[in-house]
Amino acid sequence: MYKETFRILSKRLLRQITKEQKKEYLNDISNRLYLSEWWMSSDVIALTIARKIELETLPIIETAWKQQKTVVIPKCYPDQDHSMNFYKFTNQHELENVFLDLYEPKEDKQKLVQPSEIDLIIVPGLLYDYQGYRIGYGGGYYDRYLSKYSNAKISIAMEQQLVKHLPHDQYDLPVDGIITEKDTYYTNV
């Protein structure tokens, strides 16, 4: 129940931040991200195609491509125990609108990437705390995936998305760090 309340409030907060303000924040966050050891040491980077209320991810994807990094994006399987797989993403024609403003890759077994092949996952969310826990959209896809993933996992967020503490249970897995427009927070130190 607590998590659903956080979800509702955080979506309301994100809708109130203007597109222009998010673009400014993303510029600062991206600059910090590209200089991070996580980014610089990664060849295969996983992220999502952002929903309308989130920070845009396409500029980050385009930068990764320019730097010859492989980009992978998730496809969720709600009818298969809320599992998720990542697929190589090379252009926007590979996307399909699966639900409202959620875009995922078209399934292509040739482009399937195993968890051990991914160097860095940029984990999405609505709210984050300083210990690296997050409130997502509620499907549990990332926590299931991260339970079998052992490389770097971070999040990008606006400072307004950070709170002192979020409720979490044994299945919730924290990220290693959170990059905002103002700072980088290391959560596993």
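Please read all numbers here as calculations on a predicted model, not as lab measurements.

What counts, and at which threshold
- Residues numbered from 1 in each chain as written.
- Predicted model: local features only at pLDDT ≥ 70, side-chain atom pairs only at ≥ 80, totals over all residues.
- Heavy atoms only, no water.
- Buried < 20%, exposed > 50% of the residue type's maximum accessible area, 1.4 Å probe, protein only.
- Helix = DSSP H or I, 4+ residues; strand = E, 2+ residues; numbered from the N terminus.
- Pairing = 2+ DSSP bridges.
- Right-handed = clockwise from strand over helix to strand, strands pointing away.
- Core = buried A, V, L, I, M, F, W, Y, C linked by side-chain atoms within 4.5 Å.
- Contact = heavy atoms within 4.5 Å.
- Salt bridge = Lys/Arg side-chain N within 4 Å of Asp/Glu carboxyl O.

**Observations regarding the pairing of strand E2 (residues 70-77)**
Buried residues dominate E2, accounting for seven of its eight residues. Pairing of strand E1 (residues 44-46) with E2, which is carried by three bridges, proceeds in the parallel orientation. Bridge pairing in E2 links Ala46 to Val72. In the classification by handedness, the crossover that spans E1, the intervening helix H4 (residues 58-66) and the parallel E2 is right-handed. Relative to strand E3 (residues 83-88), E2 runs antiparallel, the two sharing six bridges. Its bridge partner being in E3, Tyr77 is matched across the sheet by Ser83. Following E2, the chain reverses through five residues before pairing antiparallel with E3; Asp81 in that reversal takes a positive phi of roughly 60°.

**Overview of the nonpolar core**
Counting residues in each nonpolar core, the largest one holds 30 residues, and the members touching the most others are Leu33, Ile60 and Ile122. Listed by contribution, the elements that provide at least two residues to this core are helix H2 (19-34), helix H3 (37-40), H4, E2, strand E7 (120-122) and strand E10 (152-156). Looking at this core element by element, the count peaks at five residues for H2. Not counting residues up to four positions away in its chain, the partners in contact with Leu33 are Trp39, Ile60, Ile122, Ile154 and Ile179. Counting residues in each nonpolar core, the second largest holds 21 residues, with Val72, Cys76, Val113 and Ile178 among its members.

**Quick word on unusual backbone geometry**
Working note: non-glycine residues mostly have negative phi, and peptide bonds are mostly trans. Located in the positive-phi region is Asp81, a residue other than glycine, with phi close to 60°. Structurally, the position occupied by Asp81 is in the loop between E2 and E3. Its identity as a non-glycine residue notwithstanding, His82 has a phi of 55°, on the positive side. For His82, the position within the fold is in the loop between E2 and E3.

**Digging into the pattern of salt bridges**
When the charged atoms of two side chains lie near each other, side chains of opposite charge can form a pair. Within this structure, the stated rule accounts for seven salt bridges. Note that Lys75 is salt-bridged to Glu96, the shortest N-O span being 2.9 Å. Here Lys75, found in strand E2, pairs with Glu96, found in strand E4 (residues 95-99); they are 21 residues apart in sequence, far enough to count as distant. Residue class for Glu96 comes out partly exposed when judged on its relative accessible area of 29%. A salt bridge links Glu94 to Lys111, with the shortest nitrogen-to-oxygen separation between them at 2.5 Å.

**Some thoughts on the sheet that holds strand E6 (residues 112-113)**
Taken in spatial order, the eight strands of this open sheet run E6-E3-E2-E1-E7-E10-E12-E13, and their pairing is mixed. Either end of the sheet is taken by a strand with one partner, and the two such strands are E6 and strand E13 (184-186). Here strand E12 (residues 177-179) pairs with E13 via three bridges, running antiparallel. If you follow Ile178 over to E13, its bridge partner there is Tyr185.

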